[in-house]
Amino acid sequence: MPRRWRFGRDGGGAGLNDPRDSRGGQPWTVRVAAWSARHRWPVVGLWFLLTIGLFVGSLAIGGTRTADAVSNDRSDDQVFESRKAFDVFEASGTTEEPHQFLLIVNTPAGTIDDPTATSALDDIVGRMNDLTATVGDSEAPAFENVVDPRVAPPAAGLVSADRTTVRIPAQVPGDEAAVEQRIPAIRTFLEDAQAGHPDVRIHALDRQLVNEDIQELVNGGLDASLRLTIPLTFLILLIAFGAVIAALVPLVLAVTSLLAAFGILGIYSQAVDPVSAYASQLIVLIGLAVAVDYSLFMVTRFRTERRAGRAKVDAIRVASSTAGRAVFFSGLAVILSIGGLFLLDDPLFQSMAIGTIGVVLIAVVGSLTFLPAALAILGDNVDRFRVPFLGRDRPEGSGVWASVVRGVMRQPVVTFLVAATILIAIALPASRLHMGQSDFASFPDSIDGVQAVNLLDEKWLEGSTLTLDVVVTDVDRPDTQAAIDDLSARVVELDGLSGPVIEDYLAQRRAAEAPAGNLLGRQLGLPGGDRAHGD
């Protein structure tokens with residue numbers, strides 16, 4: 001049966017209870033939009049309650065728990081070879097190594113034998129020995145086994161060749177929870193030492209401190225990017241719509257979608273696995289784009305239909321049957337493509353997929369429910385506060401982009417060939433893309449640990465004290481013995497590795513250790529601290 005649309009200037013509630021809303025034949029996006037328009041106030045209220053509630057709820061249970069950017073790769077999932085080596089190592093009954101801390105002290109003008117440097121080193125070593133932290137309900141030493149580099153044997157290599165820099169190694173006692181309780185006192189000590197001795201450079205190399213600094217850098221960058229991108233997005237929407245209210249509607253959908261996605265990511269990180277430190281940036285990058293894009297479709301079509309004379313509810317129906325369907329299938333395509341990250345058996349990539357799919361899904365749901373409800377509330381008020389010269393109505397098919405489309409349609413083959421040539425030329429460099437993994441020093445110098453690594457590279461050209469541990473089982477077999485001997489001879493020939501090879505028998509386990517060179521040390525972990533294991 002032919003269907004008749006009702007027209008009218010009045011933007012009131014006429015037609016919202018039209019029984020045809022429940023009849024078959026209409027796209028489901030139209031039925032959802034019509035229902036949302038009829039229940040506009042509850043839908044809008046429920047939208048804010050759910051999106052903001054997810055975010056607040058995630059904060060209440062601890063916020064987003066991020067994975068360490070610098071770690072020993074001790075995940076429970078036996079995905080990497082090093083994880084299997086850890087299991088074999090721990091099955092031997094060997095006590096886990098204590099948390100390592102390394103302090104680098106440099107005298108820019110002079111050597112460590114100068115009175116100023118000597119006084120600074122005396123004070124620093126003394127503070128480290130006396131430093132205490134609150135662990136549980138009692139005070140306990142923050143460090144143990146603090147080594148004064150000036151009294152250590154020269155073979156220890158704690159003093160640089162030019163005697164301008166020293167390494168002060170120490171250990172932070174206790175398990176992971178106890179180390180975390182000691183870290184605030186250690187950070188305070190570091191800041192006080194740097195402030196109290198401005199004539200020397202003092203930098204710490206500690207995995208826990210580095211991860212906290214990286215997390216602060218990432219979160220600070222996210223806050224700064226939001227302060228920049230949200231006003232810029234509003235400005236672009238203002239230019240596109242020419243009216244303040246119309247520009248605010250997509251922005252409200254985008255911000256609430258981001259809040260809900262942050263909440264989902266936070267709940268996932270607390271209930272399942274820590275997430276990548278970069279997952280939040282990915283949420284902002286994708287979420288802000290798709291939410292604004294989908295809103296543009298819906299709001300633009302609604303305004304066009306209202307200018308054509310359709311009643312408010314009919315304009316919402318038409319927008320949902322055209323732009324709404326495009327939003328749904330576009331969001332579905334984005335979700336399926338991002339879902340490919342789940343094929344990578346890595347919790348960090350999977351956490352990125354969770355956050356990104358969450359924000360796209362929320363943006364789609366909001367476009368099909370919240371936007372129709374908001375447009376039903378606003379009606380023609382969506383065009384309030386027009387901007388001069390930007391807010392004027394243009395005839396359909398006019399403007400710059402309409403001219404571009406007409407030109408493309410007149411010469412489709414030529415346009416296709418030109419566009420394809422440009423895209424291929426832009427994509428050609430990807431054929432020579434060099435895939436690799438950036439090391440820790442690729443982070444900005446604002447991180448204290450990066451400055452410590454750079455100072456180590458500058459003053460200890462021969463490399464760091466990081467070791468490469470190779471865990472071997474069935475060491476009593478002759479073929480295993482031959483393989484170990486062959487490995488011991490060949491491993492020291494690798495670039496970045498040096499001898500001597502040390503063999504250590506521990507409860508049916510034999511470990512071959514080779515001190516790593518500086519390049520390898522920077523790739524595997526923190527010099528003088530973390531270790532990398534392979535079986």
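It should be noted that the structure appears before, not after, this text.
Residues numbered from 1 in each chain as written. Predicted model: local features only at pLDDT ≥ 70, side-chain atom pairs only at ≥ 80, totals over all residues. Heavy atoms only, no water.

Draft legend 1. How the structure looks around the overall build of the protein chain. Within the protein chain, the regular secondary structure consists of 16 helices and nine strands. Burial analysis of the protein chain (535 residues in total) assigns 43% to the buried set. Taking all contacts inside the protein chain whose residues are at least 6 apart in sequence as the whole, residues at least 24 apart take part in 74%. Split by element, the accessible area of the protein chain, about 27,700 Å² in all, is 61% carbon and sulfur. (Helix = DSSP H or I, 4+ residues; strand = E, 2+ residues; numbered from the N terminus. Buried < 20%, exposed > 50% of the residue type's maximum accessible area, 1.4 Å probe, protein only. Contact = heavy atoms within 4.5 Å. Areas by Shrake-Rupley, 256 points an atom, 1.4 Å probe, with all protein chains shown as cover.)

Draft legend 2. A look at the pairing of strand β4 (residues 165-172). Of all eight residues in β4, seven are buried, a share of seventy percent or more. Pairing analysis gives eight bridges linking strand β1 (residues 99-106) to β4, with the strands arranged antiparallel. Bridge pairing in β4 links Ile-104 to Arg-167. (Pairing = 2+ DSSP bridges.)

Draft legend 3. Main features of the nonpolar core. By size, the foremost hydrophobic cluster in this structure holds 56 residues, and its most contacted members are Leu-258, Ile-283, Tyr-294, Phe-302, Ile-316, Val-360 and Phe-370. Elements that contribute at least two residues to this core include exactly α1 (28-38), α2 (40-60), α6 (207-241), α7 (244-271), α8 (279-307), α9 (312-338), α10 (347-368) and α11 (370-378). Those residues in contact with Leu-258, other than ones at most four positions away along the chain, are Leu-226, Ile-283, Val-284, Gly-287, Leu-288 and Val-359. If you look at the next biggest cluster of nonpolar residues, it comprises 29 residues, including Leu-103, Ile-124, Val-146 and Leu-190. (Core = buried A, V, L, I, M, F, W, Y, C linked by side-chain atoms within 4.5 Å.)

Draft legend 4. Representation of helix α4 (residues 115-130) within the structure. Taking 1.5 Å of rise per residue, the 16 residues of α4 would be expected to cover 22 Å, and the 22 Å separating its terminal C-alpha atoms lies within 8% of that figure. For α4, the complete set of buried residues consists of Ala-117, Ala-120, Leu-121, Ile-124, Val-125 and Met-128. Looking straight down α4, one finds that the buried residues subtend no more than 125 degrees of arc, so they occupy a single side. For α4, exposure combined with an orientation more than 90 degrees from the buried face picks out Pro-115 and Asp-130. Looking at the buried side of α4, the elements it contacts are β1, β4, α5 (176-196) and β5 (201-205). (Expected span 1.5 Å × (residues − 1). Arc of directions from axis to C-beta.)

Draft legend 5. Seen up close, the sheet that holds β4. Within the open sheet, the three strands sit side by side as β4-β1-β5. Their pairing is antiparallel. Strand pairing shows two members of the sheet lacking a second neighbour, β4 and β5, which therefore form its edges. Pairs of neighbouring strands in the sheet enclose a mean axial angle of 20 degrees, with direction left out of account. Where β1 meets β5, five bridges bridge the pair, whose relative direction is antiparallel. Looking at β5, one finds that Leu-102 is bridged to Leu-205. Across the face of the sheet, α5 comes into contact with β1, β4 and β5 while running at roughly 165 degrees to β5. Sheet strands in contact with helix α14 (residues 448-459) are β1, β4 and β5, and its direction is about 105 degrees off that of β5. (Axes fitted to C-alpha atoms, helices over the stretch in contact; angles between N-to-C directions.)

Draft legend 6. Region of interest: unusual backbone geometry. Of note in this structure, Asn-145 is not a glycine but carries a positive phi near 55 degrees. You can see Asn-145 is positioned in the loop between β3 (138-141) and β4. Look at Asn-145 and you get exposed, because its relative accessible area is 52%. With phi around 60 degrees, Phe-385 is a residue other than glycine that occupies positive phi space. Along the chain, the position of Phe-385 falls in the loop between α11 and α12 (400-410).

Draft legend 7. Spotlight on the pattern of salt bridges. Tallying each qualifying case throughout the model produces 16 salt bridges. With its nearest N and O atoms 3.6 Å apart, the salt bridge here joins Arg-386 to Asp-383. With relative accessibility at 34%, the residue Arg-386 sits in the partly exposed group. Connected through shared salt-bridge partners, Asp-122, Asp-148 and Arg-150 make up one network. (Salt bridge = Lys/Arg side-chain N within 4 Å of Asp/Glu carboxyl O.)

Draft legend 8. Quick look at a nonpolar patch on the surface. A cluster of nonpolar residues, Val-400, Trp-401, Val-404, Val-405, Val-408 and Met-409, forms a patch on the protein surface that exposes about 650 Å² of accessible area. For Trp-401, the position within the fold is in helix α12. The exposure class of Trp-401 is exposed, given its relative accessible area of 69%. (Patch = residues over 30% accessible without salt bridge, like charges linked within 9 Å, V, L, I, M, F, W, Y side chains within 5 Å.)

Draft legend 9. Inspection of the side chain of Arg-303 at higher detail. With respect to the helices, strands and loops of the structure, Arg-303 is situated in helix α8. Filtering out sequence-adjacent residues up to four positions away, Arg-303 remains in contact with Phe-241, Ala-243, Ala-246, Val-382, Asp-383 and Arg-386.

Draft legend 10. Here's a closer look at the environment of Ile-245. In this structure, Ile-245 sits in helix α7. Those residues in contact with Ile-245 that sit more than four places away from it in its chain are Leu-378, Asn-381, Val-382, Arg-384 and Phe-385.

Draft legend 11. Region of the structure containing the packing of aromatic side chains. Counted under the stated rule, the structure contains six aromatic pairs. Between Trp-47 and Phe-370, the aromatic rings sit 5.6 Å apart at their centres with planes inclined by 25 degrees, giving stacked as the arrangement. Of this pair, Trp-47 sits in helix α2 while Phe-370 sits in helix α11, placing them 323 residues apart in sequence. The same class applies to Trp-47 as to Phe-370, namely buried. Ring geometry for Phe-48 versus Phe-370: centroids 5.7 Å apart, planes at 80 degrees, classification edge-to-face. Residue Phe-48 is located in helix α2, and its partner Phe-370 is located in helix α11; the two are separated by 322 residues in the primary sequence. A residue is classified by how much of its surface remains accessible, and Phe-48, at 30% relative accessible area, is partly exposed. In this structure an aromatic cluster arises from ring pairing among Trp-28, Phe-328 and Phe-329. The ring of Phe-385 carries the charged tip of Arg-384 above its face, separated from the ring centre by 5.1 Å. (Phe/Tyr/Trp six-rings, centres within 6.5 Å; stacked < 30°, edge-to-face > 60°. Lys NZ or Arg CZ within 6 Å of the ring centre and 35° of its normal.)

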